[in-house]
Amino acid sequence: MEQLVRTEEFLRIKIGEAKNLAGRSATSSSSNTRDIYCTVALDQEEICRTQSQRTQSPFFGEEFSFEIPRKFRYLSVYVLERDRHLKQDKAIGKIAIRRGDLHLYNHKDHWFPLRQVDDDSEVQGMAHIEVKIIDDDDHAKENFKSTSNNYTTTTILSPASNNTSNHKSPKLLHSTHSTQQIVQRSSSQQDVSLKHQGNFLRVPYTNSFHQHQRIQVRLKGCSDLTRKNNQCDPYAIVTALYTNKRKITRRTKVRKKTIHPTFDDVFEFSLYDFTHGSGSHGPSDSKIYTVTPFGGNDLCEIVVQVWHSAGMADDNFLGEVRLPARGKQELQYLQQSAWYFLLPRSSQSRPAKSCATPPGTRLSCENSLGSLRLKLHYQADHVFPLANYDQLLNLLIQSVDQRPITSSAVYLLGEMVANKQEIAQPLVRLFTHNKRIVDIIQRLAEYEICKLTDPTTIFRGNTLVSKMMDEAMKLSGLHYLHATLRPIVELILQEKKCCEIDPMRINREKTSIEQNLNNLHEYVEKVFDAIVKSSNKCPRVLCEIFHNMRESATKYFPQNKEVRYSVVSGFIFLRFFAPAILGPKLFDLTAEPLDSQTNRTLTLISKTIQSLGNLVSSRSAQQHAKEEFMVELNKKFCTEKHVAAVKQFLDAISAVDSREAAEICVHEPILLKDGMMTKHAQNRKRFGRRNFKQRYFRLTTHSLSYAKAKGKRPICDIQLTELIAVERLEEKSFKLQNIFRITRKDRPLYIQTANCVEEKKWVDLLSKICENNKRRLDTFHPCAFIHGEWTCCNERDQNARGCKAVDETPLEVDLVTQLDPARDLQRLHSLIIANMSVMTKFFDTSMPKTDEIDLTRQTIRRLSDEAMNLEQIHRNHRNKEAKDAKLGSKQEPIGDDNYLRGIGSSSLNSGASTTPRSVTTTTQHFDLPPTHFQRGHFLRNSDGFSHF
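Residues numbered from 1 in each chain as written. Predicted model: local features only at pLDDT ≥ 70, side-chain atom pairs only at ≥ 80, totals over all residues. Heavy atoms only, no water.

- In the annotation of an unreviewed UniProt entry, the entry for the protein chain reads Ras GTPase-activating protein, and the organism field reads Polypedilum vanderplanki.

The following block contains the structure:
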């Protein structure tokens, strides 16, 4: 069961406004015409971006939501400016929030200060380092030589390099004497035994032994390094620092075009520096030595820095690891082999800022870069197999038949959780999966209607049933929405006609209000026709829900002849079609960026559609528009023809007898996903970047096709029955990220997505399709077939059996709706635990004792018991994770205070322990703002975030 536990993360971020943004010059006349936009990134990988705003204090107001497919250290939001002259975007500043800190900002607006974007703020990735202590006898016996990839000459840091005023890597100066002159070995070698326990070194420490010992540092490789201008050619510099301020520096060769370089280079340094500043090596060498301080010339620190080779330009810093090596206590806690987080340089080691930057400009002061308002919602759940949630599932499903409904688990959860949308989404998905969504909404809706006295207020509030209806329409009616509105939205985006009719917003010299009114009337008429003619496409489940709502409203308000229409139009027009037109990106109607004119056009269309939904009410039809400029447009639609069309449409989608007609024809393909991706050219013998071309892909329930552009004739149309495997590829295949392969009978298809989020969406959909294919493969090759062999296993037969098993996905996921009941039940469990204190009010002894209250208390007690049982399972899982966690492994690298935690959890006598001490609270170590990059600040591992 432990292997089936998965972590599911979700992020929703709303980017508000920016203020006090610094410009290039405080007196620049063009500062008011700057193009400002924001990007959202996981570490440095861009996931989405906003539309640019031409103002000094831009308001974006855009919301993005996505599943997080991989581990990350920081959520980064960049504020950038377009430079039309240099044709290069420039970063104004950034916000970086640690993964473990994201839940601290849930559901609240926060102003975050922007920080400067430089090499140190962009550090990411980790390094694998092995350390070994040997004496001279061990060195002679092992004859451990550096690998061929290592520069074998010993170099010394030039004094001029101490002034790191530029961004270049440290200059290396070859020593004028041999290595034997630097390190004098004693003629009388002594037998020094190297003791170790666990993965930590044990070093006997005496002055005589210490002077003849050496430290071997093997840099195995790095992972997930930062890209610079979409390139990464890394190399490493290893420096030994002594107490007499002497530095011995060596470096590796450059590894080309990879963010996961493998070095495997070995460097040796003496634990004691025998060189004295007596000038015995000539006057030319005297300036690089210092007087030996009292206490000797011991090795105090090993610094491993990773750099990007920029060719003729200055090299870029990618991160560093500092290994303390002074004294017995520090040496004995150096792990023999461990992964380390790459960290930024300390403030003393960073390059000095240029004095040429005038005051008041973008780089003159870190605190003057401005600030950005964000609203975050982050959730992370450990999802167990579905069988663990059987009791909670049964308790929720019983709510349909429980009398009264106010004592049911679903109703009580809606009362406990303040944010109704949080509880409505998993409930709708769960009941839809169990085919009881119509029944539970009918019960909740009937109870809410029976309490009202005014029929015009039905479902006008943000209650649980109204939010569940919103989620049900989004879940079951998304494909219906796409089939109805997507062609018109694409037409609006393509034509870009001006539809502004507000005299205060229009320039009469350039455009005419009459012409804009005609354009707007044309678009609204097309949208209206598409909606009223789409009744036969409305999903069957929505028709049943609308029918039940109409019957309940008619039952409790029999004298009102309009309530049978208003109760349905309030949802289908006001809560479904109008919001989708207003925010097409939130409903996946388009992925293209929207300019300000198009946004305004969609806003005016959405307002008119809302008015059309209110035509069924005589009171609403008699009311005038709130804006005076909308009156004339509304008059054109307040006709008997339009009212009759709306009523006919509402009757059609809420009639039980029309279920057969309402169901979508099974032969009509449903669009699952589309978008631009990069495809490897087929029938090409040689691999290379030039063979990758941009194509528009379209996945339906029947086939996968691609064309040169959207709207063009498909170049290739692949039936879904031909897909036999879909798997992600490793980076070493093409030295590119986010690539997956579709295996079919004829030949494989290699596709690269824009980012990891898009890759997950495509792979998940295609993998689910392949699971239902009888010819699905059990194994695959995680790399490509290049130069006559598979790069993963070196097999030369292109049709050879795969060397890696296909991932088994233990998810009960519907192909169209992508339901995951185990994850929804876990989200409900997390909400119950978070609102456990609210349950105590139901056990107040002062409350009158009635049958309804007794049933309510019984349900609350069962909910509490099931939640605590699940919490115990989670606690056992977290304890096992903490026990099995190995500090220094790739899953839990050493970084920031992890090293100190490892030392603190062990003692000198008991030996070093590699098990980290578990963090029991989620509020400690957060004294500093999340945008500060300071050494020693608590950094949670990517696996060590809190469960909440």
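Next comes the rest of the description.
## Remarks on the packing of aromatic side chains
Thought 1: Going through the model one piece at a time under the given rule, you end up with nine aromatic pairs.
Thought 2: Centroid distance F573 to F649: 6.0 Å. Interplanar angle 75°. Geometry classified as edge-to-face. Pair noted here: F573 is in helix α14 (residues 563-582) and F649 is in helix α18 (residues 640-653), with a separation of 76 residues, a long-range link.
Thought 3: We classify F573 as buried; its relative accessible area is 0%.
Thought 4: Here F649 falls in the buried class, since its relative accessible area comes to 1%.
Thought 5: With a centroid separation of 5.2 Å and an interplanar angle of 55°, the aromatic rings of F576 and F577 are classed as tilted. The burial state of F576 is the same as that of F577; both residues are buried.
Thought 6: Every member of this aromatic cluster is reached through a ring pair, and the members are Y480, F573, F576, F577 and F649. (Phe/Tyr/Trp six-rings, centres within 6.5 Å; stacked < 30°, edge-to-face > 60°. Helix = DSSP H or I, 4+ residues; strand = E, 2+ residues; numbered from the N terminus. Buried < 20%, exposed > 50% of the residue type's maximum accessible area, 1.4 Å probe, protein only.)

## Digging into the pattern of salt bridges
Thought 1: Scanning all chains against the criterion turns up 47 salt bridges.
Thought 2: Put simply, K94 and E122 hold a salt bridge, and the shortest N to O gap is 2.7 Å. In this pair, K94 is assigned in strand β7 (residues 90-98) and E122 in the loop between β8 (109-113) and β9 (126-135), connecting sequence segments 28 residues apart.
Thought 3: Of the charged contacts in the structure, one is a salt bridge between K761 and E758, with a shortest N-O distance of 4.0 Å. In this pair, K761 and E758 both sit in helix α20 (residues 756-771), three residues apart, roughly one turn of the helix. (Salt bridge = Lys/Arg side-chain N within 4 Å of Asp/Glu carboxyl O.)

## As for helix α12 (residues 513-532)
Thought 1: Over its 20 residues, α12 extends 28 Å from the first C-alpha to the last, a length consistent with the 28 Å expected when each residue adds 1.5 Å.
Thought 2: Buried within α12 we find I513, N516, L517, N519, L520, Y523, V524, V527, F528, I531 and V532.
Thought 3: Contacts from the buried residues of α12 go to α11 (478-495), α14, α15 (596-613), α17 (631-637) and α18. (Expected span 1.5 Å × (residues − 1). Contact = heavy atoms within 4.5 Å.)

## Side note on the sheet that holds strand β5 (residues 59-68)
Thought 1: Taken in spatial order, the four strands of this open sheet run β5-β1-β21-β8, and their pairing is antiparallel. Strand pairing shows two members of the sheet lacking a second neighbour, β5 and β8, which therefore form its edges. With strand direction ignored, the average angle separating the axes of adjacent strands in the sheet is 25°.
Thought 2: Where strand β1 (residues 6-19) and strand β21 (residues 371-383) come together, twelve bridges link them in antiparallel fashion. Counterpart to T7 in the pairing with β21 is H382.
Thought 3: Helix-sheet contacts for helix α21 (residues 821-834) involve β1, β5 and β21, and the interaxial angle to β21 is about 110°. (Pairing = 2+ DSSP bridges. Axes fitted to C-alpha atoms, helices over the stretch in contact; angles between N-to-C directions.)

## Describing unusual backbone geometry
Thought 1: Of the consecutive residues R403 and P404, the connecting peptide bond is found in the cis state with omega at -10°.
Thought 2: For K245, which is not glycine, the phi dihedral falls at a positive 65°.
Thought 3: Mapped onto the secondary structure, K245 falls in the loop between β15 (234-242) and β16 (247-251).
Thought 4: The exposed category is assigned to K245, whose relative accessible area is 71%.
Thought 5: Positive phi, close to 55°, is recorded for D264, a residue that is not glycine.
Thought 6: Here D264 lies in strand β17 (residues 262-270).

## Regarding the nonpolar core
Thought 1: Membership of the largest hydrophobic core comes to 105 residues, with the highest contact counts inside it found for I441, M468, F546, F577 and F649.
Thought 2: Ranked by residue count, the leading element in this core is α14, at eleven residues.
Thought 3: Excluding residues that lie within four positions of it along the chain, M468 makes contacts with A424, L427, V428, I437, I440, I441 and L444.
Thought 4: A127, I259, A325 and Y340 belong to the second-largest nonpolar core, a separate cluster that totals 40 residues. (Core = buried A, V, L, I, M, F, W, Y, C linked by side-chain atoms within 4.5 Å.)

## Things to note about the sheet that holds strand β27 (residues 739-744)
Thought 1: The strand order across the open sheet built from seven strands is β25-β24-β23-β22-β28-β27-β26, with neighbouring strands paired in antiparallel fashion. Whereas interior strands pair on both sides, the edge strands pair on one side only; in this sheet they are β25 (716-719) and β26 (723-728). Taken over all neighbouring pairs, the strand axes of this sheet differ in orientation by 30° on average, direction set aside.
Thought 2: Lying over the sheet, α20 contacts β22 (671-680), β23 (692-700), β24 (703-707), β26 and β27, oriented at roughly 150° with respect to β26.

## As for the confidence of the model for the protein chain
Thought 1: Looking at the protein chain, the pLDDT average stands at 76 and 71% of residues meet or exceed 70.
Thought 2: When the elements of the protein chain are averaged for pLDDT, helix α2 (residues 179-182) gives the smallest value, 36, and helix α6 (residues 390-397) the largest, 94.
Thought 3: In this model residues 171-197 is a low-confidence stretch, pLDDT under 50, and it forms 64 contacts with partners more than four residues away in sequence or in other chains.
Thought 4: Within the model, pLDDT remains below 50 along residues 203-209, and this stretch shows 14 contacts once partners closer than five positions in the same chain are excluded. (pLDDT = per-residue confidence, 0-100.)

## Details of α11
Thought 1: Relative to the 26 Å expected for 18 residues at 1.5 Å per residue, α11 spans 25 Å between its end C-alpha atoms, a close match to the ideal helical length.
Thought 2: In α11, a bend of some 45° at L485 exceeds every other bend along the element, and P487, a proline, comes one to four places later.
Thought 3: Those residues of α11 not exposed but buried are H479, Y480, L481, H482, T484, L485, R486, I488, V489, I492 and L493.
Thought 4: Packed against the buried residues of α11 are α12, α14, α15, α18 and β22.
Thought 5: Positive backbone phi, approximately 55°, marks K496, located one or two places after α11. (Bend = angle between axes of the 7 residues up to and from the residue.)

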